[in-house]
Amino acid sequence: MTQITLAMAKGRTAKDSLSLLNQAGITFPDFDSKSRKLVFYSADKKVKMINVKAIDVTTYVEQGAADIGIVGKDNILEADADLYELLDLKLGICKFVVASLNDQPIEKGDSLKVASKYTRVTEDFFKEKEVNVETIKLNGSVELAPLIDMADAIVDIVETGTTIKENGLTILDEITDISTRLVVNKASFATKTKEIQDFITKLKNVVE
Ligand code: PRP
């Protein structure tokens, strides 16, 4: 039997992703969200699941340490990794936005400091808009940066909008929609085609 390795993003979307796998008949009987274990096997042993930080999923998949990955489009865009993105799981739906303390639009030729966990996405977006940006890389609580005058704006994900609202920020631009995606290592797709396609078909039947 050929086993496939799935890199699963830990964190806010993990519960919904596991529930989707469950509905697709891919169950992990030994999985316990409170456990510190990092490797789990599906009931039929066809899938080995490794639980990794969301930001690292594309690295495991690109390196071939995992054949497939389940991760948010935000991390896929930021990683710009060489892999296939084959299915939208339609979970973890949110948006990439530009937000600031004031509602003044950012215009071509402006120069500003932008704080974000996603500096590549930030740079790509503003390059296209012909706005000069200095990015400040943060790893969380990004909404704080404009409040303490460390940045003119932020690029971050918005789900319910609560964090933006509670910190008095205004959304100036929407960059793109985000949801959880299934990504595949290119070599694995050639060598484990049937196993990966079976896995995708099972998920597709639940998603669609
Ligand atoms: C994310 C994101 C926003 C917030 C958006 O942060 O970076 O801060 O969620 O969600 P909302 O629109 O529903 O308020 P996360 O909770 O991952 O924590 P962090 O600030 O440590 O990155």
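1. Describing the domain arrangement of the protein
In step 1: Split into domains, the protein comes out as domain 1 (4-92 + 179-207) and domain 2 (94-177).
In step 2: Between the C-alpha centres of domain 1 and domain 2 there is a distance of 29 Å.
In step 3: Each partner contributes to the roughly 830 Å² buried at the junction of domain 1 and domain 2, and carbon and sulfur atoms together form 47% of this total.
In step 4: Together, D74, L77 and E78 form the three largest contributors to the area buried by domain 1 at its contact with domain 2, with a combined 57%.
In step 5: The interface formed by domain 1 and domain 2 includes 2 salt bridges.
In step 6: Note that D80 is salt-bridged to R120, the shortest N-O span being 3.5 Å.
In step 7: With 6 residues, the single largest contributor to the side of domain 1 that touches domain 2 is helix α3 (residues 73-79).

2. Examining the environment of I171
In step 1: Take I171: it is sitting in strand β10 (residues 170-178).
In step 2: Apart from residues lying up to four places away in sequence, I171 is in contact with V97, V98, A99, V158 and I164.

3. Some details on the site of the ligand
In step 1: Surrounding the ligand, one finds 13 residues, the nearest of these being R12, K117, E143, T160 and T163.
In step 2: The separation between an oxygen atom of the ligand and a polar side-chain atom of K117 is 2.4 Å.
In step 3: Here E159 contributes a backbone N or O atom positioned 2.8 Å from an oxygen atom of the ligand.
In step 4: Here the ligand has 490 Å² of accessible area as a free molecule, and 72% of this is covered by the chains.
In step 5: Among the detected pockets, the ligand sits in the largest pocket.
In step 6: Here the shell around the ligand takes 3 residues from strand β9 (residues 153-158), the largest share from any one element.
In step 7: Grouping the constituent residues of the shell around the ligand by class yields 2 nonpolar, 6 polar and 5 charged.

Calculation rules
Residues numbered from 1 in each chain as written. Predicted model: local features only at pLDDT ≥ 70, side-chain atom pairs only at ≥ 80, totals over all residues. Heavy atoms only, no water. Domains from an automatic or database assignment. Buried area = accessible area lost by both parts, 1.4 Å probe. Salt bridge = Lys/Arg side-chain N within 4 Å of Asp/Glu carboxyl O. Helix = DSSP H or I, 4+ residues; strand = E, 2+ residues; numbered from the N terminus. Contact = heavy atoms within 4.5 Å. Near = heavy atom within 4 Å. Polar contact = N/O pair within 3.5 Å; in protein donor to acceptor, adjacent residues only side chain to side chain. Areas by Shrake-Rupley, 256 points an atom, 1.4 Å probe, with all protein chains shown as cover. 1 Å grid on protein atoms, 1.4 Å probe; cavity = no way out; pocket = protein on both sides within 12 Å on 5 of 7 lines; lining within 4 Å. Sits in = over half its atoms within 2 Å of the grid points. Nonpolar A, V, L, I, M, F, W, Y, C, P; charged D, E, K, R; others polar.

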